[in-house]
Amino acid sequence: MEPLRFRSTNEQSPSVGLREAFLAGQAPDRGLYFPEKFPKLTPEDIASFAAKPYHEIAFQVLSRYTQGVIPDEALAQMCREAYNFVIPLEKTYDRVHVMRLDQGPTASFKDFAAQMMARMFGRFLGESGRKVTILTATSGDTGSAVAHAFHNIPGVRVLVLFPYDEVSMSQRKMMTTLGDNIRTIAIDGKFDDCQAMVKQAFADPALKDIPLSSANSINIGRLLPQSVYYFYAASRVAKPGEPTVFSVPSGNFGDMMGAVLAGQMGLPIKKLVVPVNSNDAFPRFLETGHYEKIVPSRNAVSNAMNVGHPSNLARLVAVYGGHMDETGKIHRPPDLAKMRRDIFSSSISDERTRETIREVWNKYELLLEAHGAVAWRGFLDWLAIEPMGDAPAVILETANPAKFPEEIEKTIGFSPDVPPAMDAMNKMPEDFDRMGADYTKFREYLLQKYQ
Ligand SMILES: *Cc1c(COP(=O)(O)O)cnc(C)c1O
């Protein structure tokens, strides 16, 4: 079989293989890489997942993308190492389940992508003898997941920028206590400022001697592993061939694109519910066909979803036959009618988010944090307008409540249990630099520390 090629959503750069798409992050035309063709799994392949552990499902799904690039044996080993934690599926009522993607090393779903990506990166760099510096802007969870996954990976240095006032202490400590090849800068600004500084660095000719790479959700390497847990969940809650409803709390739309990929590969999905917080550019677009990004992004309790212009929308629009560039301008509209049939989205205020945390706790003794609560509430919004019948549903809880003890305490009056690994990190000494949202200073910093 020919190795799969990846094309740019901006349609101007040539298509590339997996390794190149991976190491580049963004395409030269500033578009995002996307498979030229979606590899298909047969209904029999998918039915066989019911008897397989997670890491084997991961191998089955990912090997469709790594053919001719990573030998099967090596990939199988990476999957075993990356996915050595549990993935609880808790039943609530009828066939409605909560999937907890919060049992990885930094207690958010971002570990699923980061753990695999770091292993692939290490392998590709080793093969090419290259070294890179990974620059990442984070609203909290990406930075910690990436920092952990890449800690002590040879050939890689990581620099994480985070908005000082917008991340919780626990999120911060997961990035600032590692040391070695991991550095962090607290920015006195917003997540948008961090992201803008990182983007500017990538485009800055003065930094051409520092090989930079990205681990943000624009990297295709982040996306592919995020399709696996949809197959996993369906294999546990649906009968063979039966379509499942998924509710995915969304910010940059990388997680939901994992579900879209799974659907394109053959997973039957009844409806993809993608609620957002007050950053409601997508539900408005879905309703009106008119896209307007939110500048500056709005602060909400589900802080990892404070994204005013979700970069993965360019990929979603591409799947539906359209073309949106990196600034959000639409050059060719997607098939909106089809998008509406497949996808539902609503915006959940902080008030409804907190109300949901209380309600779900009181009704089911199930503890959600703000991101999972947005998913739950969005699912209810959808149920109010479309009949679900007897279909199975999976609502994603994307972070561990112990990452946000202050917020949970305020909302339901007690703080969540802290897993031992997180407790240990909370007690370790921190090391981070601090600067204003000033690109010139940031450039000086990069030249001084990394050249
Ligand atoms: C990043 C994140 C999200 C949003 O995921 P996207 O892929 O950006 O849509 C949701 N919940 C948590 C806890 C996150 O860290």
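Summary of the structure given here. (Residues numbered from 1 in each chain as written. Predicted model: local features only at pLDDT ≥ 70, side-chain atom pairs only at ≥ 80, totals over all residues. Heavy atoms only, no water.)

With respect to helix 12 (residues 281–288)
Reasoning step 1: Residues A281, F282, P283, F285 and L286 constitute the buried set of helix 12.
Reasoning step 2: Residues of helix 12 that are buried in the fold lie against helix 13 (313–319), strand 12 (330–332), helix 14 (336–342) and strand 13 (343–344).
Reasoning step 3: Positioned one or two residues after helix 12, G289 has a phi angle of 80°, which is positive. (Buried < 20%, exposed > 50% of the residue type's maximum accessible area, 1.4 Å probe, protein only. Helix = DSSP H or I, 4+ residues; strand = E, 2+ residues; numbered from the N terminus. Contact = heavy atoms within 4.5 Å.)

A closer look at the pairing of strand 3 (residues 89–93)
Reasoning step 1: Bridge analysis of strand 3 against strand 4 (residues 96–100) gives four bridges, and the strand direction is antiparallel. Looking across to strand 4, one finds that Y93 is bridged to V96.
Reasoning step 2: The turn linking strand 3 back onto strand 4 is made up of two residues, and D94 within it adopts a positive phi angle of 40°. (Pairing = 2+ DSSP bridges.)

Things to note about the site of the ligand
Reasoning step 1: K110, D141, G251, N252 and T398 are the nearest of the 15 residues found near the ligand.
Reasoning step 2: G251 is positioned such that a nitrogen or oxygen atom in its backbone is 2.8 Å from an oxygen atom of the ligand.
Reasoning step 3: Within the backbone of G254, a nitrogen or oxygen atom sits 3.0 Å from an oxygen atom of the ligand.
Reasoning step 4: For the ligand, the protein covers 98% of the area, taking 380 Å² as the surface of the free molecule.
Reasoning step 5: Within the shell around the ligand, the residues separate by chemical class into six nonpolar, six polar and three charged. (Near = heavy atom within 4 Å. Polar contact = N/O pair within 3.5 Å; in protein donor to acceptor, adjacent residues only side chain to side chain. Areas by Shrake-Rupley, 256 points an atom, 1.4 Å probe, with all protein chains shown as cover. Nonpolar A, V, L, I, M, F, W, Y, C, P; charged D, E, K, R; others polar.)

Focus: the packing of aromatic side chains
Reasoning step 1: Under the criterion given, the structure shown has 24 aromatic pairs.
Reasoning step 2: Relative to F121, the ring of F22 lies with its centre 5.5 Å away and its plane at 65°, an arrangement referred to as edge-to-face. Of the two residues, F22 sits in helix 1 (residues 18–24) while F121 sits in helix 5 (residues 110–128), which places them 99 residues apart along the sequence. This pair shows no difference in class: F22 is buried, exactly as F121 is.
Reasoning step 3: Their ring planes at 85° and their centres at 5.8 Å tell us that F49 and F231 sit as a pair that is edge-to-face. You can see F49 sitting in the loop between helix 2 (43–48) and helix 3 (54–66) and its partner F231 sitting in helix 10 (residues 228–237), a full 182 residues away along the chain. In this pair, the class of F49 matches that of F231, namely buried.
Reasoning step 4: Linked through ring pairs, Y54, Y83, F85, F112, Y229, Y230, Y232 and F246 together constitute an aromatic cluster. (Phe/Tyr/Trp six-rings, centres within 6.5 Å; stacked < 30°, edge-to-face > 60°.)

Some remarks on the environment of P296
Reasoning step 1: Examined against the element boundaries, P296 turns out to sit in the loop between helix 12 and helix 13.
Reasoning step 2: Once the C-alpha coordinates of P296 and F191 are considered, the two residues, 105 residues apart in sequence, prove to be 9.5 Å apart.
Reasoning step 3: Here P296 is in contact with K190 and D192, once residues within four sequence places are set aside.

Remarks on empty space enclosed by the protein
The gaps of empty space that remain are located by a probe, the size of a water molecule, rolled over the atoms.
Reasoning step 1: Counting across every chain of the model gives three cavities of 30 Å³ or more.
Reasoning step 2: By volume, the largest cavity is sized at about 330 Å³.
Reasoning step 3: Lining the largest cavity are 27 residues; nearest its centre among them are K110, T142, R222, N252 and A304.
Reasoning step 4: Contributions of two or more residues to the lining of the largest cavity are made by helix 6 (141–150), helix 8 (191–203) and helix 11 (254–265).
Reasoning step 5: Among the elements that make up the lining of the largest cavity, the one with the highest residue count is helix 11 (three residues).
Reasoning step 6: Residue composition of the lining of the largest cavity, grouped by class: nine nonpolar, 14 polar and four charged.
Reasoning step 7: The computed volume of the second largest cavity comes to approximately 120 Å³.
Reasoning step 8: Looking at the second largest cavity, it is lined by 14 residues, and the ones nearest its centre are Q26, R30, L32, S311 and E326. (1 Å grid on protein atoms, 1.4 Å probe; cavity = no way out; pocket = protein on both sides within 12 Å on 5 of 7 lines; lining within 4 Å. Points joined across faces, edges and corners; volume = space filled by probe spheres on them.)

Thoughts on the sheet that holds strand 7 (residues 182–188)
Reasoning step 1: Strand order across the open sheet formed by five strands is 8-5-6-7-15, with parallel pairing between neighbours. Among the strands making up the open sheet, the edge pair consists of strand 8 (212–214) and strand 15 (433–436). In this sheet, neighbouring strand axes are inclined to one another by 30° on average, regardless of whether the strands run parallel or antiparallel.
Reasoning step 2: Against the sheet, helix 8 touches strand 5 (132–137), strand 6 (156–163), strand 7, strand 8 and strand 15, its axis set at about 150° to strand 5.
Reasoning step 3: Lying on the sheet, helix 19 (residues 439–450) is in contact with strand 5, strand 6, strand 7 and strand 15; it crosses strand 6 at an angle near 155°. (Axes fitted to C-alpha atoms, helices over the stretch in contact; angles between N-to-C directions.)

Examining the pairing of strand 4
Reasoning step 1: Extensive coverage of strand 4 is indicated by the burial of five of its five residues.
Reasoning step 2: Burial along strand 4 is two-sided: the residues V96, V98 and R100 and H97 and M99 are all buried.
Reasoning step 3: Pairing between strand 4 and strand 14 (residues 393–397): five bridges, direction parallel. Each residue of the ladder has a partner; that of V96, found in strand 14, is A393.

Details of helix 15 (residues 350–364)
The periodicity of an α-helix, 3.6 residues per turn, causes residues three or four positions apart to be oriented the same way.
Reasoning step 1: The terminal C-alpha atoms of helix 15 lie 21 Å apart, and with 15 residues this matches the ideal 21 Å at 1.5 Å per residue to within 8%.
Reasoning step 2: Three or more residues of helix 15 are buried, namely T353, T356, I357 and V360. Mapping the buried residues of helix 15 onto a view down its axis gives an arc of 100°, with all of them on the same face. Across helix 15 from its buried face, at more than 90 degrees, point the exposed residues E351, N362 and K363.
Reasoning step 3: Tucked into the core, helix 15 has its buried residues touching helix 16 (370–383) and helix 17 (405–412). (Expected span 1.5 Å × (residues − 1). Arc of directions from axis to C-beta.)

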